[in-house]
Amino acid sequence: LSAPACPGPERVGRPCPPWPVHGAVVVAVIAEKTVASARTHADGTFLLSLPEGRYLIRATNAGGYAPTARTTVRVGVARPVSITLTVDSGMR
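Residues numbered from 1 in each chain as written. Predicted model: local features only at pLDDT ≥ 70, side-chain atom pairs only at ≥ 80, totals over all residues. Heavy atoms only, no water.

As for the state of the cysteines
Keep this limit in mind: What counts as a disulfide here is a pair of cysteine sulfur atoms lying within 2.5 Å. Here a strand is any run of E in DSSP of at least two residues, a helix any run of H or I of at least four, and the numbering for each starts at the N terminus. Each residue is assigned to one of three classes by its accessible area relative to the maximum for its type, calculated with a 1.4 Å probe on protein chains only: buried under 20%, partly exposed between the two thresholds, exposed over 50%.
Under the defined criterion, the tally for this structure stands at one disulfide. In this model, C6 is linked to C16 through a disulfide, with the two sulfur atoms separated by 1.7 Å. One quick way to see it: the torsion about the S-S bond of C6 and C16 is about 100°, and its sign makes the bridge right-handed. Here the residue C6 occupies a position in the loop between β1 (2-3) and β2 (25-30), and C16 occupies one in the loop between β1 and β2, the gap between them amounting to ten residues. Note on C6: relative accessible area 34%, which makes it partly exposed.

Given below as structure tokens:
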């Protein structure tokens with residue numbers, strides 16, 4: 001996801017939820033080494049197939065302004081992991 005999604009301050013009663021990012025690069029990293037990568041789909045989803053272990057997952061926004069979001073996850077055997085990463089849109 002990317003946020004903020006609307007310019008200026010948030011207004012009461014006018015929600016401005018984050019929006020999906022199409023084409024963001026998502027990587028799984030262990031010990032400073034990228035072990036898998038994917039690009040996000042139009043709806044912002046991505047899929048990485050990883051063996052059991054602990055990974056740093058990092059997403060880099062698509063386009064000229066390329067901030068990153070990151071989180072650490074533990075992948076178990078045959079257990080899908082769902083995460084949400086939100087990158088800075090650069091909008092103010």
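Here we look at the sheet that holds strand β3 (residues 33-39)
Think of a sheet as strands paired side by side through backbone hydrogen bonds, with each pair either parallel or antiparallel. Put simply, the test is: Here, strands pair whenever DSSP counts at least two bridges between them. Whenever a helix is involved, its axis is fitted only over the stretch in contact; in every case the axis is a line through C-alpha atoms, and angles between N-to-C directions fall within 0 to 180 degrees.
With antiparallel pairing, four strands are arranged side by side in an open sheet as β3-β2-β4-β5. This sheet does not close on itself; its edge strands, each paired only once, are β3 and β5 (68-75). On average, each strand axis in the sheet is tilted by 25° relative to the strand beside it, whichever way the strands run. Bridging between β2 and strand β4 (residues 53-60) involves five bridges; their strand directions are antiparallel. What sits directly across from A28, in β4, is I57.

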